[in-house]
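# Observations on chain architecture
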Amino acid sequence: MKKTILLFFACFIIGSVASAQTQGDSRIHALASYGLRYKYFGVGAGVEYFFVDNFAIMPSYTRIFPNVGKSSNFSADLRYYISVGSSQLYFMAGYSQNWENTNPDGAGKNRSVSGANVGIGAYIPMTDWIGLSTEFKVQSQNPQEAGFRFGVAFPL
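The sections below set out a description of the structure shown in this document. In this text the structure is predicted, and so the values were computed from the model without any measurement.

Here the focus is the overall build of the protein chain. Each helix and strand in the protein chain was counted, giving 1 helix and 8 strands. Element order for the protein chain, N to C, with α for helix and β for strand: α-β-β-β-β-β-β-β-β. Taking all 156 residues of the protein chain together, the buried fraction comes to 41%. Pairs at least 24 residues apart make up 50% of the contacts formed inside the protein chain by residues separated by at least 6 positions. About 8,500 Å² of surface is accessible on the protein chain, with carbon and sulfur atoms providing 66% of the total.

Further remarks concern the environment of Leu 156. For Leu 156, the location among the structural elements is in the segment after strand E8 (146-155). With a relative accessible area of 30%, Leu 156 lands in the partly exposed category. As a C-alpha pair, Leu 156 and Glu 48 span 108 residues in sequence and 10.0 Å in three-dimensional space.

Let us look at the sheet that holds E8. In space, the 8 strands of this closed barrel follow the order E1-E2-E3-E4-E5-E6-E7-E8, with antiparallel pairing throughout. Put simply, the sheet's adjacent strands are angled 25° from each other on average, direction ignored. With 13 bridges connecting them, strand E5 (residues 88-101) and strand E6 (residues 111-125) associate as antiparallel partners. Note on E6: the bridge partner recorded for Tyr 90 is Gly 121.

On to the pattern of salt bridges. Applying the stated criterion across every chain, the model contains 5 salt bridges. A salt bridge links Glu 48 to Arg 79, with the nearest nitrogen and oxygen atoms 3.3 Å apart. Taken together, the residues Glu 48 in strand E2 (residues 41-52) and Arg 79 in strand E4 (residues 70-81) connect sequence positions 31 residues apart. Assigned by exposure class, Glu 48 and Arg 79 land together as buried. When salt bridges with common partners are traced through the structure, they connect Arg 27, Glu 48, Arg 79, Glu 135 and Arg 149 into a single cluster.

The next subject is the nonpolar core. If you look at the biggest cluster of nonpolar residues, it comprises 5 residues: Phe 50, Ala 56, Tyr 81, Tyr 90 and Met 92. Setting aside its immediate chain neighbours within four residues, Tyr 81 contacts Arg 27, Glu 48, Phe 50, Asn 54, Ala 56, Gln 88, Leu 89 and Tyr 90.

This brings us to the side chain of Arg 27. Positionally, Arg 27 belongs in strand E1 (residues 26-35). According to the relative accessible area criterion, Arg 27 is buried, its value standing at 0%. A polar atom in the side chain of Arg 27 sits 3.2 Å from the side chain of Tyr 81. Of note is the side chain of Arg 27, whose polar atom sits 2.7 Å from the side chain of Gln 88.

Conventions adopted
Residues numbered from 1 in each chain as written. Predicted model: local features only at pLDDT ≥ 70, side-chain atom pairs only at ≥ 80, totals over all residues. Heavy atoms only, no water. Helix = DSSP H or I, 4+ residues; strand = E, 2+ residues; numbered from the N terminus. Buried < 20%, exposed > 50% of the residue type's maximum accessible area, 1.4 Å probe, protein only. Contact = heavy atoms within 4.5 Å. Areas by Shrake-Rupley, 256 points an atom, 1.4 Å probe, with all protein chains shown as cover. Pairing = 2+ DSSP bridges. Axes fitted to C-alpha atoms, helices over the stretch in contact; angles between N-to-C directions. Salt bridge = Lys/Arg side-chain N within 4 Å of Asp/Glu carboxyl O. Core = buried A, V, L, I, M, F, W, Y, C linked by side-chain atoms within 4.5 Å. Polar contact = N/O pair within 3.5 Å; in protein donor to acceptor, adjacent residues only side chain to side chain.

Shown next as structure tokens:
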């Protein structure tokens with residue numbers, strides 16, 4: 001938990017000193033997630049990189065806090081922005097990898113499953129150096145869960 005808090009503050013500090021643009025070449029995201037099926041909460045971070053107009057790739061890592069055991073997720077998503085105004089709406093699809101250990105003390109075997117995810121999201125700039133990031137995503141691999149991701153993004 002200490003690492004998660006430290007990561008969030010590091011992203012906040014980096015975003016506050018970065019020279020920001022409304023739609024720049026990259027963004028740093030500090031995220032929280034909530035799954036609708038198992039109701040697990042998670043925190044994570046990601047970096048979004050715009051490689052051509054309206055297209056971005058965003059790798060992200062999320063630490064999930066299940067009731068018992070440990071769980072984490074890595075996603076690499078391709079985003080297509082359909083609007084570039086003050087509210088930037090996008091569709092996304094990508095690769096997702098989950099790691100989980102359902103034992104209470106962390107002993108035992110880790111399980112790893114991979115699959116695809118699809119979703120829709122929006123980026124809403126609040127000031128020049130920070131914006132709101134929201135997303136609804138469905139994953140195909142176990143636990144096949146739909147969920148929300150929300151957080152802040154810092155344009156670089």
